[in-house]
Amino acid sequence: MHIIVCIKQVPDTEELSKVRINSRTNTLVREGIKSIINPFDENAIEEALRIKERHGGKVTVLSMGPPQAEEALRRALAMGADKAILLSDRSFAGSDTLATSYTLAMGIRKIGEFDLVLLGKQAIDGDTAQVGPGLAEWLNLPQITYVRRIELSSSKIKAERSLEDSFEIVETNLPALLTVTKEINTPRYPSLRGLLKAKKEKITVWTSKDLALDKERIGLDGSPTQVVKIFTPESPKRGKILTGEIPEIADKLISEMKKRKII
Amino acid sequence: MDFTLNDDQKMILDLVEEVCQKEIAPVADEVSEKGEFPAQNVKKLASLDLFGITIPKEYGGLGMDYLTWTLVSEKISKACATTGLIFGANLLCTYPLLKFGTEEQKRKFLPRLAKGEALGAFALTEPEAGSDAGNVQTTAKKDEDCYILNGNKIFITNGEVADIYVVIANIDKNKGARGLTAFIVEKGQEGFTFGQHFKKMGLSALPNVELIFNNCRVPAENLLFKERRGFRVAMETFAAGRIGVGIGALGIAEAAFEKAKEYSRERIQFGKPICSFQAIQHILADMATKIEAARFLLYRAAWLLDQGRPFEKLASMGKLYASETAMEVTTKAVQVLGGYGYMKDYPVERYMREAKLFEIIEGTSEIQRGIIANLLLKE
């Protein structure tokens, strides 16, 4: 069983209050912010490791990002992943979810044979939940999103999808792509042994030259999404508290509602 | 003189800090309140390989130095003193095994200890033998391929939860300290049972238990080091253990200091945060200064140990200074928090109760001063 887990390095959730937006470029200012593996992707890594422990096989982690994303991959290796590949190239910068899923798909094609692709349901910075489904489309794979539990047999996978007020059980043949929720497991911490081993391991870096890419589909040029403006929504105005005797309050309320043309 | 940590140490401490902040510190109050052995915490430390730090690779450990162990132990103790002491008491078993064990004994016991599958303990203390370690009444009598142990040990940290015990018994009571002999005793050995669980002023979740040996036949191959050399085993183990106890005290002092500092910034009296008053500032300054001094005594002791140089004096100084600093810092932290500090809603009253133990265990402050004076007058 070969499982590929796609991960994203994101700013630490506990430091999110410190994250600022560069108003000119509409991008995150990452300086001085600690980076972590997107928490949902850690669930994906954990699930892959559990499958490996139960059924044998290997786990490859794949990420697209700047050179410092190596740190996230190294953490995945320390947790127990077997191989790490980073897709990194200046020409990938500015990718939206379409260009990202395309580039990751090309990375996976280059990796070759696999049985399962796992991702977190979404990244905590962009929150789009689009890269997983996009990737499945590029790779022409059956996809099951928001998975909270799986059952694996030799050629099939049965998964429980979390929906808002219910759940769905879906079965598909392998290979397939799944995105997972945090309910699926509790990710392990790396061990010291894992950390020391991962430190010495080589992380494969593939640039645009290593991948058979259509140049028009990558980076900013390959991204139809245009960020016009990023802003913090204003918090809703505070309500007005009416005081006095009940009949008096009722009168005030009716006149206030009339004034605002609610009634 | 190089005070920088290497990359491996930094990487390890980052991980330990993360786990301590996310998993161990948040349950410290609950652990103490419930008074039950925090098995989950111990499991977590084991899953991180922390029990194997100082154990060589050939026995299943990581083969790292005591300084790294000390740095890790400081973080754990700061998050939860109980867990820190469980971690520290384990070293009192692995250290003498490494130092005095035969190749066979090391191969038999260390891999399980390194993985945290087995927990270790050290047993010397008895009702009549504490500071006066030579007065151990538990007897060992050679009988063919066994030693028969009889007697009771009290206050033993990790008692009952531990799987492997280094036990000091007397093979020749007429000779006092010269009759002391060390044995490795496994839980489950016939004639080895547990008695009273002692109730303490603080650290209620830390097991301190009575061990009972009633015609307990210990296989002769479990003799640790040599007959009549148990006093040396005990003294050398305690010397290293003092670094561990000192660092536990330091962890508590750090936790108390941080709480006091944080509170002094938030608490408004007379229209200002109390940290703007010089009386409070001086308390904080003294706390921080003493913490830093204690830290470097202990780091230096661990470093000397790693260098194979005499470290005993520094270890005693570090233990003495860190435990007295912990007592002072925690008491003052309660003072800074005032009425709130005395309440159970804040952890500082717990820190104060926990700190007191450190001035007593692994040689009281008075014994430490004796050791230090003795060593420096020999120089």
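Criteria and thresholds
- Residues numbered from 1 in each chain as written.
- Chains lettered and ligands numbered in written order.
- Predicted model: local features only at pLDDT ≥ 70, side-chain atom pairs only at ≥ 80, totals over all residues.
- Heavy atoms only, no water.
- Contact = heavy atoms within 4.5 Å.
- Buried area = accessible area lost by both parts, 1.4 Å probe.
- Salt bridge = Lys/Arg side-chain N within 4 Å of Asp/Glu carboxyl O.
- Polar contact = N/O pair within 3.5 Å; in protein donor to acceptor, adjacent residues only side chain to side chain.
- Helix = DSSP H or I, 4+ residues; strand = E, 2+ residues; numbered from the N terminus.
- Nonpolar A, V, L, I, M, F, W, Y, C, P; charged D, E, K, R; others polar.
- Buried < 20%, exposed > 50% of the residue type's maximum accessible area, 1.4 Å probe, protein only.
- Domains from an automatic or database assignment.
- UniProt positions renumbered as here; feature names shortened; annotations may be inferred.
- Phe/Tyr/Trp six-rings, centres within 6.5 Å; stacked < 30°, edge-to-face > 60°.
- Lys NZ or Arg CZ within 6 Å of the ring centre and 35° of its normal.
- 1 Å grid on protein atoms, 1.4 Å probe; cavity = no way out; pocket = protein on both sides within 12 Å on 5 of 7 lines; lining within 4 Å.
- Points joined across faces, edges and corners; volume = space filled by probe spheres on them.
- Pairing = 2+ DSSP bridges.
- Axes fitted to C-alpha atoms, helices over the stretch in contact; angles between N-to-C directions.
- Arc of directions from axis to C-beta.

The subject of this paragraph is the interface of chain B and chain A. Taken residue by residue, the interface counts 17 residues in chain B and 10 residues in chain A. Both faces combined, the contact of chain B with chain A buries some 1,300 Å², and carbon together with sulfur accounts for 64% of it. Where chain B touches chain A, the interface holds three salt bridges. Among the salt bridges present, the one from Arg193(A) reaches Asp49(B), with a minimum N-O distance of 3.8 Å. Across the contact surface, chain B and chain A share eight residue pairs in polar contact (both at pLDDT 80 or more). The element contributing the most residues to the side of chain B that touches chain A is helix H1 (residues 7-24) of chain B, with eight residues. In the side of chain B that touches chain A, the residues fall into nine nonpolar, three polar and five charged.

Our next topic: unusual backbone geometry. Residue Pro175(A) is bonded to the preceding Leu174(A) through a cis peptide linkage, with omega at 0°. Along the chain, Pro175(A) turns up in the loop between strand S11 (167-173) and strand S12 (176-180). One non-glycine residue, Phe270(B), lies in positive phi territory at about 55°. Within the fold, Phe270(B) resides in the loop between strand S9 (268-269) and strand S10 (272-273). Since its relative accessible area comes to 77%, Phe270(B) is described here as exposed. The phi angle at Glu362(B) is positive, at roughly 55°, despite the residue not being glycine. Among the structural elements, Glu362(B) can be located in the loop between helix H10 (348-358) and helix H11 (365-378).

The next point concerns the domain arrangement of chain B. All names here are of chain B. Each assigned domain of chain B is listed here: domain 1 (7-119), domain 2 (121-227) and domain 3 (231-377). If you average the C-alpha positions of domain 2 and of domain 3, the two centres end up 30 Å apart. At the junction of the two partners, domain 2 supplies 14 residues and domain 3 supplies 14 residues. Roughly 1,200 Å² of surface becomes buried between domain 2 and domain 3 when both sides are summed, with 82% attributable to carbon and sulfur atoms. It is Phe122, Met201 and Leu203 in domain 2 that bury the most area against domain 3; as a group they hold 41% of the surface buried on that side. Across the contact surface, domain 2 and domain 3 share zero salt bridges. Applying the counting criterion to the domain 2 and domain 3 interface returns one residue pair in polar contact (both at pLDDT 80 or more). Residue composition of the side of domain 2 that touches domain 3, grouped by class: 11 nonpolar, three polar and no charged.

UniProt's feature table lists "domain: Acyl-CoA dehydrogenase/oxidase C-terminal" (unreviewed entry) at residues 229-374 of chain B, given in the numbering used throughout. Secondary structure over residues 229-374 of chain B splits into 82% helix and 3% strand, and the C-alpha atoms at its two ends are 21 Å apart.

Moving on: the packing of aromatic side chains. One pair of aromatic rings is described through two measures. These are the centre distance and the angle between the planes. Taken as a whole and assessed by the stated rule, the structure comprises 18 aromatic pairs over all chains. Both rings, one in Phe51(B) and one in Phe87(B), keep their centres 5.5 Å apart while their planes meet at 50°; by these two values the pair is tilted. Pair noted here: Phe51(B) is in the loop between helix H3 (39-47) and helix H4 (66-79) and Phe87(B) is in helix H5 (residues 81-100), with a separation of 36 residues, a long-range link. Comparing Phe51(B) with Phe87(B) shows no difference in burial state: the two are buried. Measuring from ring centre to ring centre gives 4.7 Å for Phe192(B) and Phe213(B), while their planes differ by 10°; the resulting arrangement is stacked. On the criterion of sequence distance, the pair formed by Phe192(B) in strand S6 (residues 192-197) and Phe213(B) in strand S7 (residues 208-219) is long-range, its members being 21 residues apart. Like Phe213(B), Phe192(B) is buried. One aromatic cluster in this structure is built from Tyr165(B), Phe192(B), Phe194(B) and Phe213(B). It is Arg148(A) that lies over the ring of Phe167(A); its NZ or CZ is 4.4 Å from the centre. One cation-aromatic arrangement involves Arg217(A) over Tyr102(A); the distance from NZ or CZ to the ring centre is 6.0 Å.

What follows deals with empty space enclosed by the protein. All names here are of chain B. Counted according to the given criterion, the structure contains three cavities of 30 Å³ or more. Approximately 60 Å³ is the volume found for the largest cavity. Lining the largest cavity, in full, are Leu50, Phe51, Gly52, Ile53, Thr54, Trp69, Phe87, Asn90, Leu91 and Thr94. No other element matches the four residues that H5 contributes to the lining of the largest cavity. For the lining of the largest cavity, the per-class residue count stands at six nonpolar, four polar and no charged.

Below, the discussion takes up the UniProt feature "domain: Electron transfer flavoprotein alpha/beta-subunit N-terminal" (unreviewed entry) in chain A. Annotation from UniProt places "domain: Electron transfer flavoprotein alpha/beta-subunit N-terminal" (unreviewed entry) at residues 25-215 of chain A. Within residues 25-215 of chain A, the helical portion is 31% and the strand portion 29%, while the C-alpha atoms at the span's ends are 23 Å from each other.

Let us now look at the sheet that holds strand S7 (residues 83-87) of chain A. Sheet strands pair by backbone hydrogen bonding; their relative direction is either parallel or antiparallel. Residues and elements named next belong to chain A. Pairing in this open sheet of nine strands is mixed, and the strands run S11-S10-S9-S12-S8-S1-S6-S7-S13 from one edge to the other. The strands lining the two open edges of the sheet, one partner per strand, are S11 and strand S13 (204-206). Shown here is a sheet whose adjacent strand axes are inclined to one another by a mean of 35°, direction ignored. Pairing geometry for strand S9 (residues 143-152) and strand S10 (residues 156-162), over five bridges, is antiparallel. Directly across from Val147, in S10, lies its bridge partner Arg161. Those strands touched by helix H3 (residues 97-111) are strand S1 (2-7), strand S6 (58-64), S7, strand S8 (116-120) and S13, and its axis lies near 145° from that of S6.

What follows covers the pattern of salt bridges. Applying the stated rule across the entire model yields 50 salt bridges over all chains. The partner of Glu70(A) in a salt bridge is Arg74(A), and the shortest N-O contact between them spans 2.9 Å. Of this pair, Glu70(A) and Arg74(A) both sit in helix H2 (residues 70-79), four residues apart, which is roughly one turn of that helix. The closest approach of N and O atoms between Arg295(B) and Glu74(B), which form a salt bridge, is 3.2 Å. Here Glu74(B) lies in helix H4 and Arg295(B) lies in helix H8 (residues 278-307), a separation of 221 residues in the sequence. Counted as one network, the salt bridges with shared partners bring together Glu42(A), Arg75(A), Glu18(B) and Lys22(B).

The UniProt feature table records "domain: Acyl-CoA oxidase/dehydrogenase middle" (unreviewed entry) at residues 121-216 of chain B. In residues 121-216 of chain B, helix accounts for 0% and strand for 51%; the two terminal C-alpha atoms are 17 Å from one another.

So, about H3(B). Residue and element names in this part refer to chain B. Residues Asn41, Val42, Leu45 and Ala46 constitute the buried set of H3. For H3, the angular spread of buried residues about the axis comes to 140°, placing them on one side. Summarising the geometry of H3, the exposed residues directed more than 90 degrees from the buried face are Gln40 and Lys43. The inward-facing, buried residues of H3 abut H1, helix H2 (28-34), H4, H5 and helix H6 (103-115). With its phi angle positive at about 75°, Asp49 sits one or two positions after the end of H3.

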